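So you can see what is in the structure, the chains are spelled out below.
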Amino acid sequence: MTSVAQFHYTDEQIRAWLRGLLTIAWADGQFDPEEQELIAQLTQDELAPTTDLGDLEPISPAELATAFGNDKSTAENFLRTAVMMALANGVYSVEEAEVIDDFLAALGVEIEALKSLKQTLYDPSKHELEVDIDETADAITGISSPGQPPVDPLQPVRVWLDDMEVEDPRVARFVCKMIPPQCPFERDIKLFGRKIVRIPPMCKLNPLYEQLVGLRFRSLSYLADDCGEDVTKYC
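Every value quoted in this text rests on a predicted model; they were computed, and no experiment measured them. Positions within a chain are numbered from 1, following the residues in the order the chain's sequence is written. Reporting of local features is limited, given that this is a predicted model, to residues whose pLDDT is at least 70; pairs of side-chain atoms are given and counted only at 80 or more, and all residues count toward the totals for whole chains, interfaces and linings. Heavy atoms throughout the structure, all of them, feed into the side-chain values; hydrogens and water do not.

Student: How would you summarise the overall build of the protein if you had to cite specific residues and measurements?
Tutor: Where helices and strands are cited, they refer to DSSP runs of H or I of at least four residues and of E of at least two residues respectively, numbered from the N terminus. When you go through the protein residue by residue, the secondary structure sums to 11 helices and 5 strands. Relative accessibility under 20% of the residue-type maximum defines a buried residue, over 50% an exposed one, and the middle range a partly exposed one, all with a 1.4 Å probe and only protein chains included. Here the protein holds 235 residues, and the buried ones make up 46% of them. In the protein, 77% of the contacts between residues at least 6 apart in sequence involve partners at least 24 apart. Computed by Shrake-Rupley with a 1.4 Å probe, the accessible areas treat only the displayed protein chains as cover when residues are assessed. Approximately 12200 Å² of the protein is accessible, and the part contributed by carbon and sulfur atoms is 53%. Here a residue-residue contact requires only that any non-hydrogen atoms of the pair lie within 4.5 Å.

In structure tokens:
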């Protein structure tokens, strides 16, 4: 007999969730292609199939807190996806961190693990345009200089993301769409024939890629085992 999982979150919570992710995506003033793709996928048959992207606006911390109420579990799961959104392009910016801090304060949630993520903050005023992202990726994934022991400043965040509970089929489908089944290929970005930046594979660009893959697997299992859905379209 095919089982059907019930929605865990209300429509109001889902809409606030989506607006919260949009607020993160727009925080640094750049709506990157990766972020646009995530939001587009989110609105197509998943969290808010009847909501047009153009109808959505950034959400204030107070509005987000009102929608989630005192449900700390829902708040933490939203914040986990917010961190994924912030790291969609492999960079955790100062502006994105400030928005997430405001959300934390309004939701009354304190997550010690996120303090370690701030070690990777990107401030464009302190970086040159022409960079090799491999060097940045090595720095934030704990690769040390020769002769020094390896350091993993993001271990607390890894554990925190691994604790995300998959309880709603809409969020599970979103996760399966958001996280690619295979590590995308690397590519070069050129301007007037000159290489400006090299984008390494997503598995190297995103320091939390392994955690995202684990979450994707749990979401697939939830949809297949608890919801009785055919998940081949996500494979």
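Student: Summarise the nonpolar core; cite the residues concerned and give the values.
Tutor: Remark: nonpolar core denotes a set of buried residues (Ala, Val, Leu, Ile, Met, Phe, Trp, Tyr, Cys) joined through side-chain atoms within 4.5 Å. Core analysis: the largest hydrophobic core is formed by 55 residues, its most contacted members being Phe68, Phe78, Leu79 and Ile100. Going through the elements one at a time, helix H1 (11-26), helix H3 (61-68), helix H4 (72-86), helix H5 (94-107), helix H6 (113-117), helix H8 (155-162), helix H9 (169-178) and helix H11 (209-226) are the ones with two or more residues in this core. The element contributing the most residues to this core is H4, with 8 residues. Excluding anything up to four places from it in sequence, Ile100 contacts Ile24, Leu79, Ala82, Val83, Ala86, Tyr92 and Leu114.

Student: Can you lay out H8 for me, pointing to particular residues and giving the numbers?
Tutor: If you check which residues of H8 are buried, you get Val157, Arg158, Trp160 and Leu161. Taken down its axis, H8 places every buried residue within 165° of arc, on the same side. The inward-facing, buried residues of H8 abut H4, H6 and H11. The arc in question is the one traced by the directions running from the helix axis out to the C-beta atoms.

Student: Any details on the packing of H9 against H11? Residues and values, ideally.
Tutor: Axis separation between H9 and H11 bottoms out at 9 Å; the angle between their running directions is 135°. Accordingly, the angle class assigned to the pair H9 and H11 is oblique. The way H9 lies across H11 gives a crossing that is left-handed. Along the contact surface, H9 presents Pro169, Ala172, Arg173, Val175 and Cys176, while H11 presents Leu215, Arg216, Ser219, Leu220, Tyr222 and Leu223. Within the contact of H9 with H11, the residues separate by chemical class into 8 nonpolar, 1 polar and 2 charged. A fitted line through C-alpha atoms serves as each axis, taken over the contacting stretch for helices, and the angle formed by two N-to-C directions is quoted from 0 to 180°. Any angle between 65 and 115 degrees counts as roughly perpendicular, while under 35 counts as roughly parallel, over 145 as roughly antiparallel, and the rest as oblique. Crossing handedness: left-handed means the near helix sits turned counterclockwise from the far one by under a right angle, and right-handed means the same turn made clockwise. Under the convention adopted here, Pro, Cys and the residues Ala, Val, Leu, Ile, Met, Phe, Trp and Tyr are nonpolar, Asp, Glu, Lys and Arg are charged, and Gly plus all remaining residues are polar.

Student: Go over H5 with me, naming the residues and quoting the values.
Tutor: Since the α-helix turns once every 3.6 residues, residues separated by three or four places project in the same direction. Between the first and last residue of a helix there are one fewer steps than residues, each counted as 1.5 Å, and that sum is the expected span. Taking 1.5 Å of rise per residue, the 14 residues of H5 would be expected to cover 20 Å, and the 20 Å separating its terminal C-alpha atoms lies within 8% of that figure. Downstream of H5 by a residue or two, Gly108 has a phi angle that is positive, lying close to 70°.

Student: Got a sec to walk through the packing of H1 against H9? Specific residues and values, please.
Tutor: Running from N to C, H1 and H9 cross one another at 25°; their axes reach a closest spacing of 11 Å. Considering their axes alone, H1 and H9 lie roughly parallel with respect to each other. Contacts between H1 and H9 involve Asp11, Ile14, Trp17 and Leu21 from the first element and Arg170, Val171 and Phe174 from the second. The residue inventory of the contact of H1 with H9, partitioned by class, reads 5 nonpolar, no polar and 2 charged.

Student: Describe the pattern of salt bridges, naming the residues involved and giving the relevant values.
Tutor: For salt bridges, the criterion is a side-chain nitrogen of Lys or Arg within 4 Å of an Asp or Glu carboxyl oxygen. Under the defined criterion, the tally for this structure stands at 6 salt bridges. Its salt-bridge partner being Arg173, residue Glu229 comes within 2.6 Å of it at the nearest N-O pair. Here Arg173 lies in helix H9 and Glu229 lies in the segment after H11, a separation of 56 residues in the sequence. The exposure class assigned to Arg173 is buried, which follows from its relative accessible area of 16%. The structure contains a network of salt bridges with shared partners spanning Asp11, Asp168 and Arg170.

Student: Tell me about the side chain of Arg80, residues and numbers included.
Tutor: Take Arg80: it is sitting in helix H4. Exposure remark for Arg80: the relative accessible area of 6% places this residue in the buried category. Setting aside residues up to four positions removed in sequence, Arg80 forms contacts with Trp160, Leu161, Asp163 and Met164.

No statement about biological role is implied by the geometric values presented.
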